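# An overview of the molecular structure
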Amino acid sequence: MDVLIYLIPASLLLAGGALAAFLWSLKSGQYDDIEGAAHRILMDDDDQPADEPPTERRRQG
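The present account deals with the structure reproduced in this document. Please read these numbers as outputs of a predicted model, since none were measured by experiment. (Residues numbered from 1 in each chain as written. Predicted model: local features only at pLDDT ≥ 70, side-chain atom pairs only at ≥ 80, totals over all residues. Heavy atoms only, no water.)

## Some thoughts on the overall build of the protein chain
The test is simple: Helix and strand definitions follow DSSP, with helices as H or I runs of at least four residues and strands as E runs of at least two, each counted in order from the N terminus. Exposure is judged per residue with a 1.4 Å probe applied to protein chains only, and the accessible area is read against the type maximum: over 50% gives exposed, under 20% gives buried, and values in between give partly exposed. Here the open area of atoms and residues is found with the Shrake-Rupley method and a 1.4 Å probe, where only the protein chains shown may cover a residue.
Scanning the protein chain from N- to C-terminus turns up 2 helices and 0 strands. Per-residue burial for the protein chain yields a buried fraction of 3% across its 61 residues. Surface summary for the protein chain: the accessible area is close to 6500 Å², and the carbon and sulfur share equals 60%.

Written out as C-alpha cells, the structure reads:
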C-alpha cells in the first residue's frame, strides 16, 4: 500500500503530460486536414502538360 504514495502522483503527472501534448497538437493544427493525405495519395504527380513532349525512360540492366 505504501507504493500508492508514489504511483498515484506519477500517474497524474503522466496523464497531465498526455493532456498537454494533446492540447498542443490541437493548437498547432495537427487535426485540421484529416482527409487531405488520403486524397493526395490518389493524385498523379507524373502528368506532363500537353505542350511538352513525353520523355522516354531507359531501362538499365
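So that's the structure; there's more coming.
## Description of the side chain of S25
We count it as follows: Under the rule applied, a polar contact is a pair of N or O atoms within 3.5 Å (in protein, one hydrogen donor and one hydrogen acceptor; residues adjacent in sequence only if both atoms are side-chain atoms). Contacts between residues were defined by any pair of non-hydrogen atoms, one from each residue, lying within 4.5 Å.
Mapping S25 onto the fold places it in helix 1 (residues 4-27). Taking the relative accessible area as the measure of exposure, S25 reaches 9% and is therefore buried. Within the structure, the side chain of S25 is placed 2.7 Å from the backbone oxygen of F22, a separation counted as a polar contact. Non-local contacts of S25, meaning those with residues more than four positions away in its chain, are made with Q30 and Y31.

## Digging into a nonpolar patch on the surface
Note the cut-off: Patches were defined on residues exceeding 30% relative accessible area and lacking a salt bridge, with like-charge contacts within 9 Å and nonpolar side-chain contacts (Val, Leu, Ile, Met, Phe, Trp, Tyr) within 5 Å. Salt bridges are defined by distance alone: a side-chain nitrogen of Lys or Arg within 4 Å of a carboxyl oxygen of Asp or Glu.
Among the surface-exposed residues, M1, V3, L4, L7, I8 and L12 lie close enough to one another that they form a single nonpolar patch of about 640 Å² accessible area. By secondary structure assignment, the location of L12 is in helix 1. By relative accessible area, which is 60% here, L12 ends up exposed.

## A short note on helix 1
Test applied: Expected span, for any helix, means 1.5 Å times one less than how many residues it has.
The end-to-end C-alpha distance of helix 1 is 34 Å, a good match for the 34 Å that 24 residues give at a rise of 1.5 Å each. Positive backbone phi, approximately 90 degrees, marks G29, located one or two places after helix 1.

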